[in-house]
Amino acid sequence: MAIHKVGVVGAGLMGAGIAQVSAQAGFPTVVREVSAPLLDKGVGAIFKFMQAGVDKGKVAPLDLDRVRENLRGTTELRDLAGCDLVIEAVPEKLDLKRALWGELDGVCQPEAIFASNTSSLSITEMSTFVKRPARFIGLHFFNPVPLMKLVEVVRTVRTEPAALQAAQAWCLAIGKTAVNCGDSTGFVVNRLLVPYMIDAVRLYEQGVASRDDIDNAMRLGCGYPMGPLFLADYVGLDTTASICDIMFDEFKEPRFAAPPLLKRMVLAGLHGRKSGRGFYDWSTQPPS
Ligand code: CAA
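Residues numbered from 1 in each chain as written. Predicted model: local features only at pLDDT ≥ 70, side-chain atom pairs only at ≥ 80, totals over all residues. Heavy atoms only, no water.

(A) Examining the overall build of the chain more closely. Of the regular secondary structure elements, the chain holds 11 helices and eight strands. Its C-alpha radius of gyration of 19 Å places the chain within 12% of the 19 Å reference for a compact globule of 288 residues. For the chain, the proportion of its 288 residues judged to be buried stands at 48%. For the chain, the proportion of contacts with a sequence separation of at least 24, taken over those separated by at least 6, is 67%. For the chain, the exposed surface amounts to about 13400 Å²; the carbon and sulfur share of it is 57%. Separation between the mean location of the 31 positive side-chain charges and that of the 31 negative ones in the chain comes to 1 Å. (Helix = DSSP H or I, 4+ residues; strand = E, 2+ residues; numbered from the N terminus. Rg over C-alpha atoms; globule rule 2.2 N^0.38 Å. Buried < 20%, exposed > 50% of the residue type's maximum accessible area, 1.4 Å probe, protein only. Contact = heavy atoms within 4.5 Å. Areas by Shrake-Rupley, 256 points an atom, 1.4 Å probe, with all protein chains shown as cover. Lys, Arg positive; Asp, Glu negative; His and termini not counted. Charge placed at Lys NZ, Arg CZ, Asp CG, Glu CD.)

If you want it as structure tokens, here you go:
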């Protein structure tokens, strides 16, 4: 089971990054968005990021050419026929994913591997949406996808070894390190990272330390590249709160419950970097 051609559904932050690294590694890659403006935005972000990399001397101009050559955008799911691996990176709504996977199941060859980039929904549940549950896995990337080296490769009780091996080989080919894990909510990274970020929100909420003191403490005391409140903004406060809800629902442990302040910031539309305001003001450079 070899992967030659890749399909990515969704050209948002994660989907665009996944499509970029796939095309950059030489795989013909089709990325699908629901509308032409969203597709243009996603593909535009890829080339903007790559051009910035070229300007910084971090990306070879040849890599940019390779992406131009291998990347194709579409608004039609049927253009994903012929892909050996299809990765879904659409909003975390199970009904949306159910409809999408059902349609893709009819479009793609039965041998194709289906993978979801979900950060917290059940891979096992999604595998029941298709007639190929043995070839349904999780491939969980990290933000920013082109810079973060990890992919969590998630198996269910029905995943066949050949599908896992093909996906692991593809991760290696795109320059990522794969870690394997079972389909447990939050997998490895979010199971550890999300309680840490929301504990930082609780410290702030309780007035134990200021925003900058909490973030500086973890950056300078532990060598983390970003403090937890900055990182929560970076990931998205709405995304963080939604992962909390799913983990709390699964494990029923208070440590996974979204703190009241986080919930209220989300209600108020303060979603972090994506909305321009969260714990930080992202309209300034650097965020203040
Ligand atoms: N193209 C190529 N390379 C680029 C680039 C570009 N456009 N822009 C920057 N780079 C390179 C830089 O040159 C630099 O390379 P060197 O280390 O070799 O010098 C490197 O990438 C880092 O870039 P910067 O120096 O500009 O920025 P930084 O040092 O502040 O690092 C960061 C940025 C990599 C994002 C770092 O802050 C970091 O690792 N933060 C933590 C991010 C994180 O935890 N992500 C996971 C979130 S959780 C998630 O995603 C899962 C979920 O489900 C919620």
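(B) Here's a closer look at the pairing of strand β4 (residues 85–88). Going residue by residue along β4, you find Leu 85 and Ile 87 tucked away on one face and Val 86 and Glu 88 tucked away on the opposite face as well. Sheet topology places strand β1 (residues 6–9) next to β4; four bridges connect them, and they run parallel. In the sheet register, Gly 7 faces β4, and the bridge partner there is Val 86. Sheet topology note: the β4/strand β5 (residues 113–116) ladder contains four bridges and is parallel. Looking at the pairing, Ile 87 lines up with Ala 115 of β5. The parallel pair β4 and β5, bridged by helix α4 (residues 94–107), forms a crossover whose chirality is right-handed. (Pairing = 2+ DSSP bridges. Right-handed = clockwise from strand over helix to strand, strands pointing away.)

(C) View of the site of the ligand. Lining the immediate surroundings of the ligand are 20 residues, of which Phe 49, Lys 58, His 140, Asn 143 and Asn 190 lie closest. With respect to the ligand, the side chain of Lys 58 contributes an N or O atom lying 2.7 Å from an oxygen atom. Asn 190 places a side-chain nitrogen or oxygen 3.0 Å from an oxygen atom of the ligand. Coverage of the ligand by the protein amounts to 65% of the 1100 Å² it exposes when considered alone. Where the shell around the ligand is concerned, the elements lending two or more residues are α2 (36–55), α7 (189–205) and α9 (228–235). Grouping the constituent residues of the shell around the ligand by class yields 13 nonpolar, five polar and two charged. (Near = heavy atom within 4 Å. Polar contact = N/O pair within 3.5 Å; in protein donor to acceptor, adjacent residues only side chain to side chain. Nonpolar A, V, L, I, M, F, W, Y, C, P; charged D, E, K, R; others polar.)

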